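Residues per chain are reported as follows:
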Amino acid sequence: MEFWNIEPEELGQAMAVPVIPRNMPPPGYVKYRHPITGETWNGDGEHPEWLRRALLKEGYRVVELKPEYQQEQQALQQQAGPAA
């Protein structure tokens, strides 16, 4: 302000700048799904108990709880046909 020789009053009122959340998943987004119970978590907040249980006690791997992986597995099973 000294360089330009202006006073604070000349600047006017400060305007609020909206904060845009970055990397927020869209509403309804599911990051993890339990393949048996169908429980879901979008990755926001603290890990749910079902996720801890699935990983630590039930022996699931993280990749197995991702919906994309589960969809791939279902597609492979459908391509293979009924079990003999």
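Residues numbered from 1 in each chain as written. Predicted model: local features only at pLDDT ≥ 70, side-chain atom pairs only at ≥ 80, totals over all residues. Heavy atoms only, no water.

Participant: I'm lost on unusual backbone geometry in this one. Help?
Facilitator: Glycine aside, the phi torsion of most residues is negative, and most peptide linkages are trans. The phi torsion at N5 lies on the positive side, around 60 degrees, for a residue other than glycine. Along the polypeptide, N5 turns up in the segment before α1 (8–11). Overall, N5 belongs to the exposed group, its relative accessible area being 65%. (Helix = DSSP H or I, 4+ residues; strand = E, 2+ residues; numbered from the N terminus. Buried < 20%, exposed > 50% of the residue type's maximum accessible area, 1.4 Å probe, protein only.)

Participant: When you look at the environment of G28 in this model, what are you seeing that I'm missing?
Facilitator: Mapped onto the elements, G28 comes out in the loop between α1 and β1 (32–33). A relative accessible area of 75% places G28 in the exposed class.

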